[in-house]
Amino acid sequence: MASETDSSQSGVLWDYALERYARDGVAECCVALQDEAGANVLLIIVAAYLAERGIPLTGPRVQVLVSGASALQASLIEPLRALRRANRPLDGEACERQRDTYQSLKQAELEAERWQLAQLAELVLPWNPEQVPTRQLLQRNIRAVAGAAEKSMLDRLVRALRTDR
């Protein structure tokens, strides 16, 4: 069972994810990285969160995060995403039941992502800041988890995520 601190940390990470994802350009970049480079959006958000706290993602930390995310990602989040996308209503052609099903799948996917962020928050809780947050740290952290993403896409995402824009 998670302690109050753990649950508070996961709430902070969830709030951070919602706020950053809602920023202009962030969702589009994240979805493109997910679809084109196979990146895990939640790992990107965690990488940004850690960078803003001065916590670099070293090789062992990346392994911990990827390992911590992989089981739930493969068993629940990706199948829900595939079902949701397959059931996306087409403009004007969807019946109410299809729209309801789509919304239910979207909500289930969102809850699974919230669960995964809570698990990742528990992993990063003991990590302490090691340096002053910088744009370079944000770039390095995101690149560490973004896979084979194009540099131009990563640069756009970093600009959209930065707090000192």
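Up top you'll find the structure we're talking about.
The structure reproduced in this document is the subject of the present report. (Residues numbered from 1 in each chain as written. Predicted model: local features only at pLDDT ≥ 70, side-chain atom pairs only at ≥ 80, totals over all residues. Heavy atoms only, no water.)

**Some details on the environment of E113**
Note that E113 resides in helix α5 (residues 96-124). Relative accessible area serves as the criterion here: at 16%, E113 is assigned to the buried category. A sequence separation of 41 residues divides E113 from L72, and the C-alpha atoms of the two residues are 8.8 Å apart. When residues no more than four places from it in sequence are discounted, the contact partners of E113 are W14, L42, I77 and R81. (Helix = DSSP H or I, 4+ residues; strand = E, 2+ residues; numbered from the N terminus. Buried < 20%, exposed > 50% of the residue type's maximum accessible area, 1.4 Å probe, protein only. Contact = heavy atoms within 4.5 Å.)

**Here's the deal with the packing of aromatic side chains**
Tallying each qualifying case throughout the model produces one aromatic pair. With centroids separated by 5.2 Å and ring planes inclined at 75°, the aromatic side chains of Y16 and Y49 adopt a geometry described as edge-to-face. In this pair, Y16 sits in helix α1 (residues 4-21) while Y49 sits in helix α3 (residues 41-52), placing the two residues 33 residues apart along the sequence. The exposure class assigned to Y49 is buried, which follows from its relative accessible area of 3%. One cation-aromatic arrangement involves R61 over W127; the distance from NZ or CZ to the ring centre is 5.0 Å. (Phe/Tyr/Trp six-rings, centres within 6.5 Å; stacked < 30°, edge-to-face > 60°. Lys NZ or Arg CZ within 6 Å of the ring centre and 35° of its normal.)

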